[in-house]
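Coordinate analysis (summary)
Chain by chain, the residues:
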Amino acid sequence: MNRQTTTIPPADVERQLACCREVAQLTSQWPQQPLAFVDTYGCQQNEADSERIRGYLREMGFGFTDDEEQARIIVINTCAIREHAEQRVLGNVGALVHVKRRHPEQLICLCGCMMQEPHVAQKIRQSYRHVDLVFGPHALWKFPEMVRDLLQQRGRIFSVADEAGSIAEGIPVVRQDKVKAWVSIMYGCNNFCSYCIVPYVRGRERSRKPEDILAEVRQLAEEGYKDITLLGQNVNSYGKDLPEPMDFADLLRAVNAIPGDFLIRFMTSHPKDATHKLFETMAQCEKVAPVLHLPFQAGNDRILKAMNRRHTRQEYLAKIRDLKALIPDIVLTSDIIVGFPGETTEEFEDTLKVLEEVRFDALFTFIFSPRVGTPAAQMEDSMPREEKLKNFNRLVELQDSISEEKHAAYVGKTVRCLIDGVSDDARYDLTARTPGNRLVRVVGPSQAVGQFRLVKITDSNKWSLYGELAED
Ligand code: SF4
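Now for a look at the structure at hand. (Residues numbered from 1 in each chain as written. Predicted model: local features only at pLDDT ≥ 70, side-chain atom pairs only at ≥ 80, totals over all residues. Heavy atoms only, no water.)

Here we look at the site of the ligand
Here is the rule we go by: The criterion for a residue being near a molecule or strand is simple. One of its heavy atoms has to lie within 4 Å of it. Side-chain classes are defined by residue name, with Ala, Val, Leu, Ile, Met, Phe, Trp, Tyr, Cys and Pro counting as nonpolar, Asp, Glu, Lys and Arg as charged, and the others, Gly among them, as polar.
Every residue lining the ligand is accounted for by Cys-189, Asn-191, Phe-192, Cys-193, Tyr-195, Cys-196, Val-198, Pro-199, Gln-233, His-270 and Arg-309. Counted by class, the shell around the ligand contains seven nonpolar, three polar and one charged residues.

In structure tokens form, the structure reads like this:
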């Protein structure tokens, strides 16, 4: 198959916007404004995709609801990264059959990575007959056309062909937050880590043009967004496919030059592509938050090779030392898989050694979950589940003690934080984030939401920090 990046011509996106207007014309004649329920599973890339789906829905005349019973259209944006998440999605979609029985006019749409897996699409086709529309990430840009066709002539639409990925600019967006925003800078991945489904369902790496990214960030800064995250499955390989190559560090510097008081974050980074130039750029750009999420997945070189990670433990550790020398207060987070096929407990202990050396601020830890179609799903996996669980618990315990110590070191300090929301803990009014993205629960007035404020840290535990607003 031709895997070259295709850019959707502006005229084709305009055609989708014309479909939105057609649907809006139709919905404006309905007795009341129709509502849409959009539910998102998985990563920030999916959140960003759902914001574009909401953008299209708004153009089609829909309002939004959190209640499935009220919705004229339900969109579930799914995640394929772990089996558990897939089972949860299928359970929830199955339960919608009762909702649809009460509201037969309802349209049920499934999208996202799971739908790009052929065996899942097949299952939905055969066993979930109340689902009207199924489309993968490649077809998101055509969502209005599919909704229009469904409203005009009922039936079912499946748009899940294994196409080369594309880039479509000019899709409207309804952002979920007034303070933080996601900006996709690239899509897909070329790495084929042996356990990962992403390259199969999201296609190969393709980078947005820098001018489109910079225009989006400039607009967000003008609208007052304070925390902007540049997104991609592997942001460090940004730009390799552009006609005039530009690397991620150069892009970061260009984003940093945009006027405004905002923080820049980015994720995810692959260790093999994280360069000294990137670390230097982070150190030199005042808006770039001092935080790096750098997944290392396993601490043993044999397992890293089996994972097709293309870096060794020593290479990873050398990069961390380089980064810490440039940014001593860097906040480090990582992803780890426990129980990869063939991993022995002795090999797992190399992962613990990496934790002890790096002392991450937080970790995202998972027990290996085989994904159909990936090489790792075919590998022999003889370690019993109980042993994997035991190793997993050792990992969590070690990280908890490191997080607790690192958080305790904040107590007594005053830190400039972004107040980003209202706290669900009754003893505190607000939530905030340190520049390194540590969660702080804060006592203070709700008018502070959306502002950078000095926060005196008064307490901590392994999950978060606690504090009060200090005088600026
Ligand atoms: S770098 Fe590896 S783990 Fe990350 S998305 Fe690409 S293939 Fe998956």
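Moving on, there is more to tell.
Structural notes on empty space enclosed by the protein
Operational definition: The way it works is a 1 Å grid over only the protein atoms, where trapped points that fit a 1.4 Å probe form a cavity and open points with protein on both sides within 12 Å along at least five of seven lines form a pocket, and then any residue with an atom within 4 Å of a point lines it. Grid points are joined across faces, edges and corners, and a volume is the space filled by probe spheres set on the points. The way it works is that DSSP assigns letters per residue, a run of H or I at least four long becomes a helix, a run of E at least two long becomes a strand, and they are numbered from the N terminus. The split of the chain into domains comes from an automatic or database domain assignment.
Summed over the entire model, instances satisfying the criterion amount to three cavities of 30 Å³ or more. Here the largest cavity defines a volume of roughly 170 Å³. In this structure, the largest cavity is lined by 13 residues; those nearest its centre are Arg-52, Pro-137, Ser-166, Tyr-187 and Arg-206. Residue assignment for the lining of the largest cavity shows that the elements contributing at least two residues are α2 (44-59) and β8 (166-167). Taken together, the residues that form the lining of the largest cavity break down as seven nonpolar, two polar and four charged. For the lining of the largest cavity, the domains that each give at least three residues are domain 1 (5-166) and domain 2 (177-289).

Digging into helix α5 (residues 143-152)
How we decide: Between buried and exposed lies partly exposed: a residue is buried under 20% and exposed over 50% of the maximum accessible area for its type, with that area taken using a 1.4 Å probe on protein chains only. Whether two residues are in contact is decided by their heavy atoms: any pair within 4.5 Å suffices.
Burial within α5 is extensive, with seven of its 10 residues counted as buried. Taken together, the buried residues of α5 touch α1 (10-27), α2, β4 (73-78), β5 (107-112), β6 (133-135) and β7 (157-159).

Examining the sheet that holds strand β14 (residues 291-293)
Working definition: the strands of a sheet are paired by backbone hydrogen bonds and lie parallel or antiparallel to each other. Using the following cut-off: Here a strand pair is declared whenever DSSP counts at least two bridges between the two strands. Convention adopted: a line fitted to C-alpha atoms gives each axis, helices being fitted over their contacting stretch, and angles between N-to-C directions are expressed from 0 to 180 degrees.
Strand order across the open sheet formed by three strands is β14-β15-β16, with parallel pairing between neighbours. If you trace the sheet from one side to the other, it starts and ends with β14 and β16 (362-367), each paired once. Going across the sheet, the axis of each strand differs from the next one's by a mean of 10°, ignoring polarity. Along the sheet, helix α13 (residues 385-408) contacts β15 (331-338) and β16; its crossing angle with β16, the most-contacted strand, is approximately 175°.

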